[in-house]
Amino acid sequence: MWFEYDLFCHINLIAVISLINQKKIDLPLSLVCSGRVKGESDFKGLGELKPDQLLRHYRNKILLNNDDLDMASNLWQLY
């Protein structure tokens, strides 16, 4: 799924992670973060990245652990 760096997408991301956690779907989840690109002053969305930049972001993905999933669920409940 594709979520950008703005608040609207962050809320949707938290909702999806919470749902996955609630349904006890046991798959590895990773975040590929967009936003900052070395040498660029503006934030970039995933769709604005060049193939090599996208690959670099993918290689730097962040694997979510159970604590991350629980935190997203708690944040969704608070929201």
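What counts as what
- Counting restarts for each chain: residues are numbered from 1 in the order of the written sequence.
- Selection of residues for local features in this predicted model requires a pLDDT of at least 70, selection of side-chain atom pairs for listing and counting requires 80 or more, and totals for whole chains, interfaces and linings are taken over all residues.
- Side-chain measures here rest on the full set of heavy atoms in the structure, leaving out hydrogens and waters.
- Helical segments are the DSSP runs of H or I of at least four residues, strand segments are the runs of E of at least two, and each set is numbered from the N terminus.
- Burial status follows relative accessibility: with a 1.4 Å probe on protein chains alone, a residue under 20% of its type maximum counts as buried, one over 50% as exposed, and anything between as partly exposed.
- The contact definition used throughout considers only heavy atoms, calling two residues in contact when any of these lie within 4.5 Å.
- Aromatic pairs are defined between Phe, Tyr and Trp rings, using the six-membered ring for Trp, whenever the two ring centres lie within 6.5 Å; interplanar angles under 30 degrees are classed as stacked, those over 60 as edge-to-face, and all others as tilted.
- In our convention, an over-ring charge means Lys NZ or Arg CZ found within 6 Å of a ring centre and within 35 degrees of that ring's normal.
- Polar contacts, as used here, are pairs of N or O atoms within 3.5 Å; protein pairs need one atom able to donate a hydrogen and one able to accept it. Residues neighboring in sequence count only if both atoms are side-chain atoms.
- Here, a salt bridge means any side-chain nitrogen of Lys or Arg that lies within 4 Å of a carboxyl oxygen of Asp or Glu.
- A residue's pLDDT is the predictor's confidence in that residue, given on a scale from 0 to 100.

## Examining the environment of Phe 43
Stage number 1. As for its position among the elements, Phe 43 is in the loop between strand 1 (30-31) and helix 2 (51-59).
Stage number 2. Taking the relative accessible area as the measure of exposure, Phe 43 reaches 43% and is therefore partly exposed.
Stage number 3. With eleven residues separating them along the chain, Phe 43 and Val 32 place their C-alpha atoms 14 Å apart.
Stage number 4. Each residue touching Phe 43, except ones within four places of it in the same chain, is listed here: Tyr 5, Gly 35, Arg 36 and Glu 48.

## Digging into the packing of aromatic side chains
Stage number 1. In the structure shown here, the tally under the stated rule is one aromatic pair.
Stage number 2. Considering the side-chain rings of Trp 76 and Tyr 79, the 5.5 Å spacing of their centres and the 25° angle between planes classify their relative orientation as stacked.
Stage number 3. Geometry around Tyr 58 places Lys 61 over its ring, the cationic atom sitting 4.1 Å from the centre.

## Structural notes on the side chain of Gln 53
Stage number 1. Take Gln 53: it is sitting in helix 2.
Stage number 2. A distance of 2.8 Å separates the side chain of Gln 53 from the backbone nitrogen of Lys 50, its partner in a polar contact.
Stage number 3. In this view, Gln 53 contacts Val 37 and Glu 48; residues no more than four positions away in its chain are not counted.

## Digging into the pattern of salt bridges
Stage number 1. Inspection of the entire model under this criterion finds one salt bridge.
Stage number 2. Its salt-bridge partner being Asp 52, residue Arg 56 comes within 3.5 Å of it at the nearest N-O pair. Of the two residues, Arg 56 and Asp 52 both sit in helix 2, four residues apart, roughly one turn of that helix.

## Digging into the confidence of the model for the protein chain
Stage number 1. Taken as a whole, the protein chain shows an average pLDDT of 88; of its residues, 100% reach a score of 70 or greater.
Stage number 2. Of all the helices and strands in the protein chain, helix 2 carries the lowest mean pLDDT, 88, while helix 3 (residues 66-78) carries the highest, 94.

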